[in-house]
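Summary of the model geometry
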Amino acid sequence: MAPIPLQRDTVQRPGTTRAGLAHGPRLASRTSLPGIPLAPSAARRFVRAALAEWTGIGVPAAVGFSDRLADDAVTVTNELVTNAVVHAGTTVDLVLRLEEEGGDEPSAALVLEVTDHHPARPVSGDEPGAGRGPAGVRPGELPDPAEYGRGLQLVATLADSWGITYRTGLKTVWARLPVDDWSAPPAPPDGESLRRGLRAAEILAPAARRTERDDAVWDSRGAPAFLAEASDLLAGQLDEDLVAAIAGQLLVPRLADWCAIWLEAEGGGPAAEPRLARVWHSDETGTEPLRAVLEREPLRLPAGVGSGPVSVPVPWPAHPVGEDREEDAEGREESRAEDAEVPAEDAEGRKEVPAEYGEGRAGREDRRAAPSPPPHPGGRDGAALAFRITVGGRALGTVLVGREGVAQVPEAVASLIEDFVRRLGLAVGAARAYTRQATISRILQRGLLPSKVAEIPGVTSALVYEPSDDGVVGGDFYDIFPCPGDRWCFVLGDVQGSGPEAAVVTGLARPWLRLLSREGFGVGEVLDRLNRLLLDDAMEAAEAAALMVAAAGGQQLHDGTQSRFLSLLYGEVVPLPDGGVRCTVASAGHPLPLLLRPDGSVRPAAEPQVLLGVVEDVAYESQGFDLAPGDTLLCVTDGVTERRSGPLMFDDGDGLARVLAGCAGLPAEATAERIRRAVHEFAEQPPDDDVALLVLHAD
């Protein structure tokens, strides 16, 4: 198979027609799906229903529909929608189109189009941005399958041609599947064709078809391959609900007919009720009824149960609930222990819990007095096993799996599921650790940035702030604040690095800037004093490190500390009596601000100077200019100018100035959005550095 093309490439094999360019008649069905884990399931049902509808109304090309085409279409749809949900997280638009092309060799094809609304992070707020792929993938390299999945490899194998189209705010992935052995009929379909169409409609109906399971594949080679695949898929997920969703789809239908996953509340204590995070059934129509049954009472395993399999009754009784004894599939009577505190063991040594798991005697008596529940979702009795999800000795939840129509789950399968649940526990633990870190970072970030920026009279401002990683405190910061004497000051800074060290410098620099500005110091003097303060703080940190080395007996301690320096753009704005404002700015090792005039001309508005916190004997100078009505001042961090696409950077050849020149006449918000969009569209991968920009537009 040829190498998988990167995004923005279009694959077109010889002798094919590119999707969207066929000249024959078209028939299309479309739907919109929310960006949630249930979207792929709904998309599969939609595709099968659409194919069945076209077959039922006698579409000529439908006589060429086959099991293989239907399965390929459903598989491609599942992969593309899953990728859109995982990596974009936006609403997903799905279009299924039937294209017929006449000529000497008539042909037909199914074209699938999956469109997401292009991932973008919010400027601020508590919720992390959605839909970002992992940063750090170098341009020209294929993403790690553990991070981006293997969906496009599968699409490239099944599709006749496929490609990706980018439009403003939208990304569409399309795939073309040829209809098998079809030629345009010269006349309406005859009786045989109609019978074939009706048969196809029956085959393509949304109802799932049950397949036979072969447990013999879980031998010495099959089990390790399954566990390796599961580890790859689970390891890259940073949301525990998504981990549970992937786990359910890995277990069903390969190892079980249905499964449910409960997750314990983090820090909720033993009294907290576990949350039913995922329910999955091999028959999609049975998922919601199964969820309704399981939501009545959460599964609670006894305290003495470890990570091994525990035999539990299926959540739906085969006989009236009031009976104390019942027969299993082989005619043996099975006793229901009512008051056992320690689980009993079955014939294979597996532990059992009482039939009414999670209930006390009073609860069971209430159930005996109640009428029998409705039939269970699967339509057949079977066997069920429960496994505790643990990591580091802590219980994180429970997995319940079941098979229908059997007396027990084979021991080899139970052992394989136990190994799988161990990996699930590691993935859930990693997702929770990331969530904790991201929450701490967001709280810390909120404390380091202003909750509200001041409004400058006669000037409209717009801000864009996008940290590169929600789990790490960003190094960029900004501020706009009033000062005595009818002055307003603005700041855009970039601390070296990120994380706690960057947070320390930001926590020092922003309050110092406000204090120095309100004391009446000029722009250059503010930077002089801030530079001195940073150097003094670095000296104190070095002395503290030397004392720690001495206390450690002369051994060098590697605590990961960084030099405390930063680049900064600082300015002062004073309104003018006749309109506009007087700006005074100074740049310390920062990308220079750009001044846009109404005629589209762009020029730098400051002179380059050395970084803050590096050199002691330096005097910073400022530059002044008038920001007349209609003028725009753009300030950015190096996350904009140094945005990379292969060997190129966004600002190569004055790229930022060219984009800004096209914003002449736009208000501040529109200018900021156009610059932000240009930065994101410059490369296929998400930005790997914080992106911050400030636009000031004189009214």
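These numbers come from a predicted model, not from an experiment. (Residues numbered from 1 in each chain as written. Predicted model: local features only at pLDDT ≥ 70, side-chain atom pairs only at ≥ 80, totals over all residues. Heavy atoms only, no water.)

1. Some words on the nonpolar core
One finds Phe-477, Phe-490, Leu-566, Leu-568, Tyr-570 and Leu-612 to be the most contacted residues of the largest nonpolar core, which totals 50 residues. Here this core gets six residues from one element, more than from any other, and that element is strand β18 (residues 487-495). (Core = buried A, V, L, I, M, F, W, Y, C linked by side-chain atoms within 4.5 Å. Buried < 20%, exposed > 50% of the residue type's maximum accessible area, 1.4 Å probe, protein only. Helix = DSSP H or I, 4+ residues; strand = E, 2+ residues; numbered from the N terminus.)

2. As for the environment of Val-695
Relative to the helices and strands, Val-695 resides in strand β27 (residues 691-698). Considering only alpha carbons, one finds Val-695 and Ser-461, 234 residues apart in sequence, at a separation of 5.5 Å. Among all residues touching Val-695, those that are not within four sequence positions of it are Thr-460, Ser-461, Ala-462, Thr-632, Leu-633, Leu-634, Ala-668, Thr-671 and Ala-672. (Contact = heavy atoms within 4.5 Å.)

3. Structural notes on the sheet that holds β27
With antiparallel pairing, five strands are arranged side by side in an open sheet as β16-β27-β24-β21-β22. Looking at the sheet topology across the chains shown, the edges are occupied by β16 (459-466) and β22 (602-604). Ignoring which end each strand starts from, the neighbouring axes of this sheet average 20° apart. Here strand β21 (residues 594-596) pairs with β22 via three bridges, running antiparallel. In the sheet register, Leu-595 faces β22, and the bridge partner there is Arg-603. Contacting β16, β24 (632-636) and β27, helix α15 (residues 668-681) runs over the sheet at an angle of about 25° to β16. (Pairing = 2+ DSSP bridges. Axes fitted to C-alpha atoms, helices over the stretch in contact; angles between N-to-C directions.)

4. A few points about the side chain of Ser-29
Relative to the helices and strands, Ser-29 is located in strand β2 (residues 26-33). Beyond its immediate stretch of four places on either side in the chain, Ser-29 contacts Phe-46, Ala-50, Trp-54, Leu-94, Val-95 and Leu-96.

5. Some details on the pairing of strand β17 (residues 476-483)
The buried fraction of β17 is high, at seven of eight residues. Bridge count between β17 and β18: eight bridges; the pairing is antiparallel. Along β18, the bridge assignment pairs Phe-477 with Gly-493. Turn length for the β17-β18 hairpin, with the two strands adjacent in sequence and antiparallel, is three residues, and the turn residue Gly-485 shows positive phi of about 85°.

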